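Structural description and commentary
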Amino acid sequence: MNNYDYIVLGGGVIGMTTARELAKRGASVAIFDRGILGMEASWAAGGILSSMRPWQEHPDSAELSRRGKALYPDYCESLKDETGIDPGYFRSGLIVIDQDHIDRLLNWAQQDKEIQCIDIDNLPAAINLPQISVLLPEIAQIRPPRLIAALCKSLKLLSVDIFEESEVKKIITHNSRFTGVVFDKGSVSAGSLIITAGAWCNSILKNINREIRLKPVHGQMLCLKLKQRELISIILDGGHYLIPRLDGHILVGSTMEDTGFNKCVTETAYRELFDWAISIYPDINKATLIKHWSGLRPASGDQKPFIGSITGYENIYINAGHFRKGILQAPVSAKLLVDHLAGITSFMSLENFNPSRVENSLKIA
Ligand SMILES: Cc1cc2nc3c(=O)[nH]c(=O)nc-3n(C[C@H](O)[C@H](O)[C@H](O)COP(=O)(O)OP(=O)(O)OC[C@H]3O[C@@H](n4cnc5c(N)ncnc54)[C@H](O)[C@@H]3O)c2cc1C
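Since this is a predicted model, take the numbers as computed values, not measurements.

Counted under the stated rule, the structure contains 19 salt bridges. The salt bridge involving Glu-21 is made with Arg-25; its shortest N-O contact spans 2.8 Å. Look at Arg-25 and you get partly exposed, because its relative accessible area is 34%. We note a salt bridge from Glu-40 to Lys-263, for which the minimum N-O separation is 3.2 Å. Of this pair, Glu-40 sits in the loop between strand 2 (29-32) and helix 2 (41-44) while Lys-263 sits in the loop between strand 13 (249-253) and helix 7 (267-280), and the two are 223 residues apart along the sequence. Take Glu-40: its relative accessible area is 29%, and that puts it in the partly exposed class. Among the ionic contacts, a cluster of salt bridges with common partners joins Glu-21, Arg-25, Lys-335 and Asp-339.

Below, the structure written as structure tokens:
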């Protein structure tokens, strides 16, 4: 049996950033994924480094998002220096066109001195924007597959042991203490366990008779390619968005579907996304479809993640439930949890993200 300081169970962006933070502080770490690292919700993401509606975000989540936004440029720079892989951080700006929300957006921006809003009057004629549209110039994007590749290489350089295609089947405990995991090819022991299994956390937690209020929310996305690149900023219209990449690809996202753990892509979703995209950017009619994919967002229902220890077990922790903000909030959530594990006072109290809180209602907003 191996012996690690930590086992990180689930190798999405939350697990990878958590494992990296632990390893950087000198811990020995093993990370498990039943597939290949990063290939579930984390790969599926658009990579917008903002919440969809920051003006109505839960204050605790808003603080994580604010810090995530501030941390990202340096985080990407250090990943690039360390691994040679560029996660593609790019401050493209984000244009909000959702007319129902413009007043709330302006109100929110006025109250926060860090937010800059610009009225738009010089967008390419090819783009149909409503009369009132507002640009948030400081919003950035990254390319999730590149972020994952960089994190994966960083973990290898930090000597984290990576167990891919290794599904954890059982958590072993003794006298309310975690001792190890059983996976499909053997067992491994460690001092502590951190559960980062995204939408699947409850299937792990049921091993120790625990449950959190978490559900999967299916999101589908299209990648298109246009001959000419006219759009630079992200366009956000309620839950729908266009994300232009620097290489001419455009992502069109995303659906919000309650389909349990089924993540099949559908013709209906394709039409919903394509028709909306054409209504904003008619040239999309001439675009080539490159890929249509989907992922399961881990949704906590009260719009903030679960970060902290599992009641009754002093050495089992969780970091999950980041819903539509997991890419944005991953590095800061990892820092918050690992500060706690190291006994360091962090930028927020973990109590705000207590996994045993009961106030959330499983209402998906
Ligand atoms: C269409 C879409 C668009 C999105 N866009 C954005 C965006 O623009 N910006 C943003 O910030 N966020 C976005 N998100 C949200 C973001 O992708 C998620 O919040 C984030 O990826 C969650 O990461 P995770 O590591 O918790 O989960 P996941 O990436 O799903 O990782 C969980 C991992 O756990 C593994 N696992 C589960 N059970 C076991 C087991 N028993 N044993 C071993 N391994 C196991 C799985 O294989 C998986 O790899 C989007 C999500 C979707 C679906």
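Counting residues in each nonpolar core, the largest one holds 40 residues, and the members touching the most others are Leu-22, Val-29, Ile-31 and Leu-147. At the level of secondary structure, the elements contributing two or more residues to this core comprise strand 1 (3-9), helix 1 (13-24), strand 2, helix 3 (59-83), helix 5 (144-157) and helix 8 (326-341). Of all the elements, helix 8 adds the most residues to this core, at seven residues. When near neighbours in sequence (up to four residues on either side) are disregarded, Leu-22 contacts Tyr-6, Val-8, Ala-27, Val-29, Ile-194, Val-338 and Leu-341.

Here we take up the domain arrangement of the protein chain. Often, the extent of an interface is quoted as the loss of accessible area upon association of its parts. The domain boundaries assigned to the protein chain delineate domain 1 (1-91 + 140-214 + 301-358) and domain 2 (94-138 + 215-299). Placing a centre on the C-alpha atoms of domain 1 and another on those of domain 2 gives a separation of 27 Å. Taken together, the two surfaces of domain 1 and domain 2 that pack against each other cover about 3,100 Å², and 62% of this comes from carbon and sulfur. Of all residues in domain 1, the largest losses of buried area upon contact with domain 2 belong to Trp-55, Phe-323 and Arg-324, amounting jointly to 23% of the total for that side. Viewed at the interface, domain 2 and domain 1 are joined by four salt bridges. Our enumeration of links across domain 1 and domain 2 arrives at 14 residue pairs in polar contact (both at pLDDT 80 or more). Secondary-structure elements contributing two or more residues to the side of domain 1 that touches domain 2 are helix 2 and helix 3. Sorting elements by how many residues they give to the side of domain 1 that touches domain 2 places helix 2 first, with three residues.

With that settled, consider the sheet that holds strand 3 (residues 94-96). If you walk across this open sheet you meet the eight strands as 4-5-3-11-12-13-10-14, and the pairing is mixed. In this open sheet, the two edge strands, each paired with only one partner strand, are strand 4 (118-119) and strand 14 (288-299). Looking at chain direction, strand 11 (residues 234-237) and strand 12 (residues 240-244) are connected through three bridges and run antiparallel. Along strand 12, the bridge assignment pairs Asp-237 with His-240. Most of the contacts of helix 4 (residues 102-111) go to strand 5 (residues 134-136), to which it runs at about 40 degrees, and overall it touches strand 3 and strand 5.

Turning to helix 7, a few remarks are in order. Because each turn of an α-helix spans 3.6 residues, side chains separated by three or four positions in sequence point in the same direction. Compared with an ideal rise of 1.5 Å per residue, which puts 14 residues at 20 Å, helix 7 spans 20 Å between its outermost C-alpha atoms and is within 8% of the ideal. Within the span of helix 7, buried status applies to Ala-269, Tyr-270, Leu-273, Phe-274, Trp-276, Ala-277 and Ile-280. All buried residues of helix 7 fall inside an arc of 165 degrees around its axis, so they share one side. When the buried face of helix 7 is taken as reference, the exposed residues oriented beyond 90 degrees from it are Glu-267 and Thr-268. Structurally, helix 7 contributes buried residues whose contacts are with strand 10 (215-225), strand 11, strand 12, strand 13 and strand 14.

A few words now on the packing of helix 3 against helix 8. Look at helix 3 against helix 8: their axes get within 7 Å of each other, and the N-to-C directions meet at 95 degrees. For the element pair helix 3 / helix 8, the angle class is roughly perpendicular. Contact with helix 3, carried on its side by Ser-61, Leu-64, Ser-65, Arg-67, Gly-68, Lys-69, Leu-71, Tyr-72 and Tyr-75, involves Ile-327, Leu-328, Gln-329, Pro-331, Val-332, Ser-333 and Leu-336 of helix 8 and no other residues of that element. Here the contact of helix 3 with helix 8 is built from residues that sort into nine nonpolar, five polar and two charged.

Thresholds applied
- Residues numbered from 1 in each chain as written.
- Predicted model: local features only at pLDDT ≥ 70, side-chain atom pairs only at ≥ 80, totals over all residues.
- Heavy atoms only, no water.
- Salt bridge = Lys/Arg side-chain N within 4 Å of Asp/Glu carboxyl O.
- Buried < 20%, exposed > 50% of the residue type's maximum accessible area, 1.4 Å probe, protein only.
- Helix = DSSP H or I, 4+ residues; strand = E, 2+ residues; numbered from the N terminus.
- Core = buried A, V, L, I, M, F, W, Y, C linked by side-chain atoms within 4.5 Å.
- Contact = heavy atoms within 4.5 Å.
- Domains from an automatic or database assignment.
- Buried area = accessible area lost by both parts, 1.4 Å probe.
- Polar contact = N/O pair within 3.5 Å; in protein donor to acceptor, adjacent residues only side chain to side chain.
- Pairing = 2+ DSSP bridges.
- Axes fitted to C-alpha atoms, helices over the stretch in contact; angles between N-to-C directions.
- Expected span 1.5 Å × (residues − 1).
- Arc of directions from axis to C-beta.
- Parallel < 35°, antiparallel > 145°, perpendicular 65-115°, else oblique.
- Nonpolar A, V, L, I, M, F, W, Y, C, P; charged D, E, K, R; others polar.

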